[in-house]
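Survey of secondary and tertiary structure
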Amino acid sequence: MELRAAIEGLAAIPGAIQVALYTDSSYVMNCFRDRWWERWERNGWLGAGKQPVTNRELWERLIVETRRHDVTWHKVKGHSGHPLNDRVDLLARQAIIAAATR
């Protein structure tokens, strides 16, 4: 879900602008901070242990969006009282409930 949130958020922004993206996902944050995605592309989308990168199609979509925008990544601790992080967590839980009742 963290990948989808970043993809959809960036995709919804028209044009190419500077974006401050906040995430509580260490996986997403570390990928861009440590530039894992560059190694994945160079190595034919093989990660640690020469295994295929999980969710490659989502990572590729996210990389396309990060190339379109000038993204600055910010890590926030999940469930720690950060108002915007708590808000998106609530919205996600509400969306799950709404989808389940359809």
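Provided above is the structure to which this section pertains.
These remarks concern the structure in this document.

1. Here's the deal with the pattern of salt bridges
Taken as a whole and assessed by the stated rule, the structure comprises 8 salt bridges. The salt bridge partner of Glu8 is Arg4, with a shortest N-O separation of 3.5 Å. Of the two residues, Glu8 and Arg4 both sit in helix α1 (residues 2–11), 4 residues apart, roughly one turn of that helix. Overall, Glu8 belongs to the partly exposed group, its relative accessible area being 37%. Here Arg4 falls in the partly exposed class, since its relative accessible area comes to 40%. Close ionic contact of Arg68 with Glu65 constitutes a salt bridge, the shortest N to O distance being 2.6 Å. Taken as a pair, Arg68 and Glu65 lie in helix α4 (residues 56–68) at a separation of 3 residues, close to a single helical turn. In this structure, a network of salt bridges that share partners links the residues Arg4, Glu8 and Arg61.

What counts and what doesn't
Just so you know, the residues in each chain are numbered from 1, in the order the chain's sequence is written. Thresholds applied to this predicted model are a pLDDT of at least 70 for local features of residues and 80 or more for the giving and counting of side-chain atom pairs; totals over whole chains, interfaces and linings are not thresholded and use all residues. Excluding hydrogens and water, the side-chain figures rest on all heavy atoms present in the structure. Basic side-chain nitrogens of Lys or Arg form a salt bridge, by our definition, when they fall within 4 Å of a carboxyl oxygen of Asp or Glu. Helix and strand assignments come from DSSP, with helices taken as H or I runs of at least 4 residues and strands as E runs of at least 2, each series counted from the N terminus. A simple rule labels every residue: compare its accessible area, found with a 1.4 Å probe on the protein chains alone, to the largest value its type can have, and call it buried under 20%, exposed over 50%, or partly exposed in between.

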